[in-house]
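Structural features, examined
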Amino acid sequence: MLTYDANGFRLDGRPLRILSGAVHYFRSRPEQWPDRLAAVRAMGLNTVETYVPWNLHEPAPGRFTRLDELGAFLDEAHRQGLWTIVRPGPYICAEWDNGGLPGWLTARTGRRARTSDPGFLAAVDAFFDVLLPQVADRQWGRPGGTVLMVQVENEYGAHGSDADYLAHLARGLRERGITVPLFTSDGPEDHMLAAGTVPGVLATVNFGSDPEGAFAALRRHRPEDPLFCMEYWNGWFDQWGKPHHTRDAADAADTLRRILAAGGSVNLYMAHGGTNFGTTAGANHADPPFNSTDWTHSPYQPITTSYDYDAPLDERGLPTAKFDAFRQVIADFTAEHPDQARHLDDRTPELPSPAPLLSAREVLLDECAELPFGPAVTSPVPPLFEELGLEHGLVRYTATLPDRSPDLPLTVEGLHDRATLRIDGRPATTLERGVTPEPVTAAGGARIRLLVESLGRVNYGPQVGETKGLTGVRHERQYLHGWQAEPLPLDPLPTPTWTPGTPAPELLTRGTLHLDAPGDTFLTVPEGGHGYLWVNDFLLGRYDTRGPQHTLYCPWALLHPGPNTLTLLELGPTTPTHIHLHPSPTLG
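Notes on the structure follow. (Residues numbered from 1 in each chain as written. Predicted model: local features only at pLDDT ≥ 70, side-chain atom pairs only at ≥ 80, totals over all residues. Heavy atoms only, no water.)

Below, the discussion takes up the packing of aromatic side chains. Inspection of the entire model under this criterion finds 25 aromatic pairs. With 5.3 Å between their ring centres and 50 degrees between their planes, Tyr 156 and Tyr 165 make a pair best called tilted. Judged by its relative accessible area of 0%, Tyr 165 is buried. Relative to Trp 483, the ring of Tyr 397 has its centre 6.4 Å away and its plane inclined at 90 degrees; by these criteria the two rings are edge-to-face. Of the two residues, Tyr 397 sits in strand 17 (residues 394-400) while Trp 483 sits in strand 25 (residues 483-488), which places them 86 residues apart along the sequence. Judged by relative accessible area, Tyr 397 falls into the buried class, the value being 0%. Each residue in the set Tyr 51, Trp 233, Trp 236, Phe 237, Tyr 269, Tyr 307 and Tyr 309 is aromatic and connected to the rest through ring pairs, giving one cluster. (Phe/Tyr/Trp six-rings, centres within 6.5 Å; stacked < 30°, edge-to-face > 60°. Buried < 20%, exposed > 50% of the residue type's maximum accessible area, 1.4 Å probe, protein only. Helix = DSSP H or I, 4+ residues; strand = E, 2+ residues; numbered from the N terminus.)

Encoded structure:
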C-alpha cells in the first residue's frame, strides 16, 4: 500500500522516492513497448507514467476501440520491473488532439465540457465504466499489479473552477474500484492550485525550472503533502513553421538534481516522447510559456507529427546525451539514498539493442487513385465535420453562385483549418486559418468548390473543444446557400480504385518498397509541400515543407519482408513522384 505525508511516500511501510518517466503507450507501437520500458528502467527510473486519450478509445458515441492496449502496457511495465502511474483524464492536454476529449462530445457540449454539466458527466461516466476495470485490476497489491497512483482530471486549475466536477470525478474513481492514492497536477501558481486541487486528494505541480519556487508554492497550499513534480518538462514539443525545441542536457540534469535534493519525487515529461501518428497531433494558441492574455486572437499553431520532445530517449527510442546525464543524477541519488531509491525487483537492467535500420533508397510513385469521398450530404449551410460524423480528414464542399450576380469578392468564414478553393474547376487560391488570403472574386453561375482539411484541435487553453470545417461563404455580403458536402476520413482511408499513372494534385499516389527484412527508417517527400503518408495502410501522419520536421519516423513494426505499400496524398500545388528513405531524422 502506498501512503504519504509531508516527509514523502512509503510503500508497504518502507520509504520510496518515486522516480518516474512518461511513456505514452499510444505514441509507439505495442511491439516497441518492451524496448522503450527496458530503457526507462536502465536510466534508473522505478516507475512509468502514461495518459489515456479518451478520443482514441471512443471515436464515436458508444463505439470503443483499442481498450486492451492500456492493460497490455501496464502488464509490460510489470514485466520490466516498473511501477506505474495512470492519468485517465477525461482531459489530458498532452499536445494531443482536443486534449483527448472526443470531438463528437465537445461539439455537442460546447463550453459545458469539463464541468459538472449532467450531459458531459454522463459521457465521462460511461467511458470510465468501460476503461477503469483494467486499471483497478492492476493496482499495487493485486497479483501482477503495479499501479501506484491515479490522477483526477489534468491541470484543471489552468482551465476552470468547478469544484463539484472534480469531486464527481474523484468519487467516480473510488466507486469504480480505484483504491490507490488519487492526485491532481497543476502549474505552481496560486490560482491554479486553489482551483485545481481536491480536498483529501494529493496535490502535485508541473514545471520545467525553478523547482525551489514551485515546491514553495505547493507547500503554501499543501503543507501536509509530499513534494512531487508530476511533469518535469525536460524538453518541449514542436509546432509547424516554428523552430525545433532543444534543451541543454547539463541544464536539464541540474534541475533534476535540484528536484531530488529538495526531497521531491519526479515524473520526467517526457522520458520517451514518441510520435503523433495519424491525425492525433493537437494544436495551441500561444507560444510557450502560454503567457498570452488574448487566447482567442493569438496564432493557431498545430503540433508536428513527431513528438520527439528532445527527451532522454529519442523518437526511435535511442538514448541521448540527456539520457546519460539523467542516469548519472539518478545513480548519484541512489548511492546517497539507497533506502528511498527502491525498485520493484533487484534485476540490473541493460539498454536494449537498437532495431535495425534500413539503408537509404527511394520509392517510385507509379499508381494513382481518385479520392474516395463518401456520399454527398445536402445542407443549406456548409455542415461541420462533426455534423458529418467526421473526426478528422477532408470534406469537399460544393455550391453554385446565383445567376446574374456580378463579379464580387468571396469570403470564407470560420475556416478550420486549410482549404483549396476552385472556381469552375480552376484553382483560385489556398486558404489557411489565421492567414489573410489574396482577394478572390466570382460572378453569378460560378461553381464554388472548397476542399477543406482539418489539422489538430487545440489541446490547451480556452479554445479546447473547437469544431472543424467552415461556417459560411459570403459573396460580398450575401451568404451562399445550397451546399453539398462529401466527407473523407483519412485514418483509416477508405479503399480507393488504383490504376497506373503519374501523380497529379489532389490524387492519391502509391509505390512499392521491397524489403528482405524490416527495419526502422525515416521517410521524406522531397518534392512535396503538405500532405499525408501511409505505410501498408497505416497513416504515419502529416508532413509539411515549412518544417521544422522534414522526416516521418516509420517503425520497423509497420513493415514486413516482401512488398510494402507507400501511399501519398499531396494537398499542395506540387506533384511528388518519389518517397525517400533515410537512416536518420531531420527534425529541424
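Our focus in this paragraph is empty space enclosed by the protein. To find the voids left in a structure, one rolls a probe of water-molecule size over its atoms. Evaluation of the coordinates by the stated rule reveals three cavities of 30 Å³ or more. Roughly 80 Å³ of volume is contained in the largest cavity. Around the largest cavity, the lining residues are Leu 394, Arg 418, Ala 419, Thr 420, Thr 430, Leu 431, Leu 451, Glu 453 and Leu 571. For the lining of the largest cavity, the secondary-structure elements that each account for two or more residues are strand 19 (418-423), strand 20 (426-432) and strand 22 (447-453). By residue class, the composition of the lining of the largest cavity is five nonpolar, two polar and two charged. (1 Å grid on protein atoms, 1.4 Å probe; cavity = no way out; pocket = protein on both sides within 12 Å on 5 of 7 lines; lining within 4 Å. Points joined across faces, edges and corners; volume = space filled by probe spheres on them. Nonpolar A, V, L, I, M, F, W, Y, C, P; charged D, E, K, R; others polar.)

With antiparallel pairing, six strands are arranged side by side in an open sheet as 16-25-17-22-19-20. With one partner strand each, in any of the chains shown, strand 16 (377-379) and strand 20 form the two edges of the open sheet. Recorded for the sheet is a direction-independent mean angle of 20 degrees between the axes of neighbouring strands. (Pairing = 2+ DSSP bridges. Axes fitted to C-alpha atoms, helices over the stretch in contact; angles between N-to-C directions.)

Taken as a whole, the largest pocket spans an internal volume of roughly 1,000 Å³. What lines the largest pocket is a set of 34 residues, among which Asn 55, Pro 59, Thr 279, Glu 391 and Asp 491 lie closest to the centre. Looking at the lining of the largest pocket, the elements with two or more residues in it are helix 2 (54-57), helix 4 (103-109) and strand 30 (538-544). The element contributing the most residues to the lining of the largest pocket is helix 4, with three residues. For the lining of the largest pocket, the class distribution of residues is 16 nonpolar, eight polar and 10 charged.

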